[in-house]
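An overview of the molecular structure
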Amino acid sequence: ARVVRPSPKMVIEELSRSVRYFFTSPDGVRHFREVRQLFEGALARYAARHATPRDVKDLKATLEHCEEVLGNAEAFHAAAEGFHRKLAEISGNPVFVVVETAIAEWLGPSRAQTGGRNDSVALAAHKRVFKAVAAGDPDRAEAEMVSHLQERTRTMMGDSLKPEPERHDGEAEQ
């Protein structure tokens, strides 16, 4: 018998079968959006620390492409995924690229719900992430990415994901 060493892509493809099960539960999409926020926030942080001048130039080109296709929802979503993928590529770690691509694919059907609404808001967020990466500011890059993904989640999933107001000990629920 021949043993095949699994590639990151093979592992993700195998994992995808299980992931689809999670999307059948009411909280499944929300859980994966949380994973995406954590993962892509860290990617933005890493990119801000390690991006070369060439990486910054390439990231800027993906951002410019997003601007060019704004108004065409399908093209914009593909270009926006390219921006996120470029952040993963900056790491030089192929596993990060595969995981980022897989998360985008897993969440893809929920992205189609917006029909292009608020793409200009996403573009503005990408610009803020880019500026932080180009400035070498990892804290700001991570914060901007997490803020962007939280806003996209609210846009796509509605008010049901707004955090509940904080209660202090002794306060009754209303």
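Keep in mind that what you see is a predicted model, and the values were worked out from it rather than measured.

We now examine the overall build of the protein. Helix and strand counts for the protein come out as 7 helices and 0 strands. When its helices and strands are written in sequence order, the protein yields α-α-α-α-α-α-α. A buried classification covers 38% of the 174 residues belonging to the protein.

Attention shifts here to helix H3 (residues 53-69). Counted at 1.5 Å a residue, the expected span for H3 with its 17 residues is 24 Å, and the 25 Å between its end C-alpha atoms agrees. Buried within H3 are the following residues: Asp-55, Val-56, Leu-59, Thr-62, Leu-63, Cys-66 and Val-69. Seen from one end, H3 has its buried residues packed into an arc of 155°, which puts them on one side. Opposite the buried face of H3, at more than 90 degrees from it, the exposed residues are Pro-53, Arg-54, Lys-57 and Glu-68. Buried residues along H3 sit in contact with helix H2 (28-50), helix H4 (73-90) and helix H6 (119-134).

Let us now look at empty space enclosed by the protein. A full pass over the atoms with the stated rule returns 2 cavities of 30 Å³ or more. Here the second largest cavity is characterised by a volume of approximately 40 Å³. Around the second largest cavity sit Arg-33, Arg-36, Gln-37, Leu-107, Leu-149 and Thr-153, which together line it. Listed by contribution, the elements that provide at least two residues to the lining of the second largest cavity are H2 and helix H7 (138-157). Ranked by residue count, the leading element in the lining of the second largest cavity is H2, at 3 residues.

On to the confidence of the model for the protein. Looking at the protein, the pLDDT average stands at 83 and 83% of residues meet or exceed 70. The secondary-structure element of the protein with the lowest mean pLDDT is helix H1 (residues 8-22), recorded at 75, while H3 shows the highest, at 97. Throughout residues 159-174 the model reports pLDDT below 50, and contacts reaching past four residues in sequence, or to other chains, amount to 6 contacts.

To describe a pair of aromatic rings, you give the distance between the ring centres and the angle between the ring planes. For the structure on display, the rule yields 1 aromatic pair. A ring pair is formed by Phe-39 and Phe-96, whose centres lie 6.0 Å apart and whose planes are at 80°; its orientation type is edge-to-face. Separated by 57 residues along the polypeptide, Phe-39 in helix H2 and Phe-96 in helix H5 (residues 94-111) bring together distant segments of the chain. Classification of Phe-96 by relative accessible area gives partly exposed; the value is 28%.

It is worth spelling out H4 at this point. With 18 residues, H4 extends 26 Å from end C-alpha to end C-alpha; this agrees with the ideal 26 Å at 1.5 Å per step. Those residues of H4 not exposed but buried are Phe-76, His-77, Ala-79, Ala-80, Gly-82, Phe-83, His-84, Lys-86, Leu-87, Ala-88 and Ile-90. Of the residues flanking the end of H4, it is Gly-92, one or two places downstream, whose phi is positive at about 75°.

A few words on the packing of H2 against H4. One can describe the packing of H2 onto H4 by two numbers: an axis separation of 8 Å at closest approach and a directional angle of 60°. Comparing the axis directions of H2 and H4 gives the class oblique. Helix-helix and strand crossings are classified by hand; for H2 and H4 the assignment is left-handed. For the pair formed by H2 and H4, the contact residues are Arg-36, Glu-40, Leu-43, Tyr-46 and Ala-47 on the first element and His-84, Leu-87, Ala-88 and Ile-90 on the second. Looking at the contact of H2 with H4 residue by residue, the classes come out as 6 nonpolar, 1 polar and 2 charged.

The rules behind these values
Residues numbered from 1 in each chain as written. Predicted model: local features only at pLDDT ≥ 70, side-chain atom pairs only at ≥ 80, totals over all residues. Heavy atoms only, no water. Helix = DSSP H or I, 4+ residues; strand = E, 2+ residues; numbered from the N terminus. Buried < 20%, exposed > 50% of the residue type's maximum accessible area, 1.4 Å probe, protein only. Expected span 1.5 Å × (residues − 1). Arc of directions from axis to C-beta. Contact = heavy atoms within 4.5 Å. 1 Å grid on protein atoms, 1.4 Å probe; cavity = no way out; pocket = protein on both sides within 12 Å on 5 of 7 lines; lining within 4 Å. Points joined across faces, edges and corners; volume = space filled by probe spheres on them. pLDDT = per-residue confidence, 0-100. Phe/Tyr/Trp six-rings, centres within 6.5 Å; stacked < 30°, edge-to-face > 60°. Axes fitted to C-alpha atoms, helices over the stretch in contact; angles between N-to-C directions. Parallel < 35°, antiparallel > 145°, perpendicular 65-115°, else oblique. Left-handed = near helix turned anticlockwise from the far one by under 90°. Nonpolar A, V, L, I, M, F, W, Y, C, P; charged D, E, K, R; others polar.

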